[in-house]
Amino acid sequence: MSLVSSLAIYFVIWWIILFAILPIGVVTQEEGGEVVPGTESSAPQRPQLLKKALITTVVAAVVFAGVYWLKVYSGLTLDDLPLKPPSSR
């Protein structure tokens, strides 16, 4: 696996995991009881984006390590995956 393809795969994994982690622990301004004038009441009170980015980076690294191992060391290829369901007769 080349460096460029590895980075591209990691990038995609990172964004997918980020979108899964973003809603965790979110408290809206309405739930917190303090709505800032000019904002939506459903806006997060404290989004904690840096913390979520760090968690995303760690989880994405673990997932990427698994993908890398499957690709490089397990011998699994796309040809090994069934693309069509078995035909029923």
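So, how was this worked out
Residues numbered from 1 in each chain as written. Predicted model: local features only at pLDDT ≥ 70, side-chain atom pairs only at ≥ 80, totals over all residues. Heavy atoms only, no water. Helix = DSSP H or I, 4+ residues; strand = E, 2+ residues; numbered from the N terminus. Rg over C-alpha atoms; globule rule 2.2 N^0.38 Å. Buried < 20%, exposed > 50% of the residue type's maximum accessible area, 1.4 Å probe, protein only. Contact = heavy atoms within 4.5 Å. Areas by Shrake-Rupley, 256 points an atom, 1.4 Å probe, with all protein chains shown as cover. Lys, Arg positive; Asp, Glu negative; His and termini not counted. Charge placed at Lys NZ, Arg CZ, Asp CG, Glu CD. Expected span 1.5 Å × (residues − 1). Arc of directions from axis to C-beta.

A. Local environment of the overall build of the protein chain. If you tally the helices and strands in the protein chain, you get three helices and zero strands. Here the C-alpha atoms of the protein chain give a radius of gyration of 20 Å, more than 25% beyond the 12 Å that 2.2 N^0.38 yields for 89 residues. The principal-axis extent of the C-alpha atoms belonging to the protein chain is close to 60 × 40 × 20 Å. Buried residues in the protein chain amount to 13% of all 89 residues. For the protein chain, long-range pairs separated by at least 24 residues make up 56% of all intrachain contacts whose partners lie at least 6 apart in sequence. Counting every atom, the protein chain has about 7200 Å² of accessible surface; 69% of that belongs to carbon and sulfur. Measuring between centres, the 6 positive side-chain charges of the protein chain sit 14 Å from its 6 negative side-chain charges.

B. Representation of helix α1 (residues 3–21) in the model. Taking 1.5 Å of rise per residue, 19 residues should cover 27 Å, and α1 covers 26 Å from first to last C-alpha, within 8% of that figure. The complete set of buried residues in α1 reads Ser 6, Ile 13, Trp 14, Ile 17, Leu 18 and Ile 21. In a view along the axis of α1, the buried residues occupy a sector of 140°, so they form one face of it. Seen from the open side of α1, the exposed residues pointing more than 90 degrees away from its buried face are Val 4, Phe 11, Ile 16 and Phe 19. Those residues of α1 hidden inside the fold are in contact with α3 (49–72).

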